[in-house]
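Structure at a glance
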Amino acid sequence: IRTLQRVTERWEINPGFSDLVFKVLTLKGSTMSAKSKKCVLCVDEMSIKAFLYYNTVKDQIIGFHNTGSIKTHEPAKSVMVIMIRGLHDTWKLPLCYFFVASNCSGYDLQSIIFNVFKNYPVFLLMLK
């Protein structure tokens, strides 16, 4: 377990969708039974303290509103995580996360969920 933790600590996962996460999901799905693949898409949003951080490696400021398609210079006050969770087995995997300045609008949420299925059809195949 500790070896896996050390390896995944080096993964750089930015706000929005990550191809790496969907590759991991595909690998996990290839070893699961049909019953284990049954899952639900969950959305969780929680408040965070507005904080801006300068990433020297990327030469950018982290902590602004960023929903993947819309970026503003408004400090984020919430983070929204979209994950899948097994219905019959106890597994869950975060798919993506976004910083939002206020509560996520219904339009943004709809757009994000549709982008999961549009951009990652492998995700749909894994669930079959």
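These lines cover the structure that appears in this document, whether it is placed above or below.

What counts and how
Residues numbered from 1 in each chain as written. Predicted model: local features only at pLDDT ≥ 70, side-chain atom pairs only at ≥ 80, totals over all residues. Heavy atoms only, no water. Helix = DSSP H or I, 4+ residues; strand = E, 2+ residues; numbered from the N terminus. Buried < 20%, exposed > 50% of the residue type's maximum accessible area, 1.4 Å probe, protein only. Contact = heavy atoms within 4.5 Å. Areas by Shrake-Rupley, 256 points an atom, 1.4 Å probe, with all protein chains shown as cover. Expected span 1.5 Å × (residues − 1). Arc of directions from axis to C-beta. Core = buried A, V, L, I, M, F, W, Y, C linked by side-chain atoms within 4.5 Å. Patch = residues over 30% accessible without salt bridge, like charges linked within 9 Å, V, L, I, M, F, W, Y side chains within 5 Å. Salt bridge = Lys/Arg side-chain N within 4 Å of Asp/Glu carboxyl O. Phe/Tyr/Trp six-rings, centres within 6.5 Å; stacked < 30°, edge-to-face > 60°.

**A short note on the overall build of the protein chain**
Counting its secondary structure elements, the protein chain contains 5 helices and 8 strands. Of the regular secondary structure in the protein chain, the N- to C-terminal order runs α-β-α-α-β-β-β-β-β-β-β-α-α. Counting every position in the protein chain, which comprises 128 residues, the buried fraction comes to 30%. Taking all contacts inside the protein chain whose residues are at least 6 apart in sequence as the whole, residues at least 24 apart take part in 66%. Split by element, the accessible area of the protein chain, about 8,700 Å² in all, is 59% carbon and sulfur.

**Thoughts on helix 2 (residues 19-30)**
Here helix 2 spans 17 Å end to end across 12 residues, near enough to the 16 Å set by a 1.5 Å rise per residue. For helix 2, every residue scored as buried is listed here: Val21, Phe22, Leu25 and Gly29. Around the axis of helix 2, the buried residues are gathered within 95° of arc, so they sit on the same side. In helix 2, the exposed positions angled more than 90 degrees off the buried face are occupied by Lys23, Leu27 and Ser30.

**What about the nonpolar core?**
If you look at the biggest cluster of nonpolar residues, it comprises 16 residues, and the most contacted ones within it are Leu25, Ile82, Ile84, Leu95 and Phe98. Top element by residues in this core is strand 8 (residues 92-100). It accounts for 5 residues.

**Regarding a nonpolar patch on the surface**
A surface patch of nonpolar side chains, amounting to about 230 Å² of accessible area, comprises Val7, Trp11 and Ile13. With respect to the helices and strands, Val7 occurs in helix 1 (residues 2-9).

**Regarding the environment of Ser111**
Checked against the element boundaries, Ser111 lands in helix 4 (residues 106-119). Exposure remark for Ser111: the relative accessible area of 25% places this residue in the partly exposed category. Here the alpha-carbon distance between Ser111 and Thr67, two residues 44 residues apart in the chain, equals 9.7 Å.

**Considerations on the environment of Val116**
Here Val116 shows up in helix 4. Residue Val116 is classed as buried on the basis of its relative accessible area, which comes to 0%. A sequence separation of 99 residues divides Val116 from Phe17, and the C-alpha atoms of the two residues are 8.0 Å apart.

**Some points on the packing of aromatic side chains**
Under the definition given, this model contains 1 aromatic pair. Look at Tyr97 and Phe99: their rings are 5.7 Å apart centre to centre, the planes differ by 85°, and that puts the pair in the edge-to-face class. Given a relative accessible area of 22%, Tyr97 falls into the partly exposed group.

**Side note on the environment of Lys77**
Tracing the backbone shows Lys77 in the loop between strand 6 (71-75) and strand 7 (78-86). The partly exposed category is assigned to Lys77, whose relative accessible area is 46%. Between the alpha carbons of Lys77 and Lys49 there is a distance of 6.0 Å; along the sequence they are 28 residues apart. Contacts of Lys77, omitting those with residues within four sequence positions, involve Met46, Ser47, Ile48, Ala50, Val100 and Ala101.

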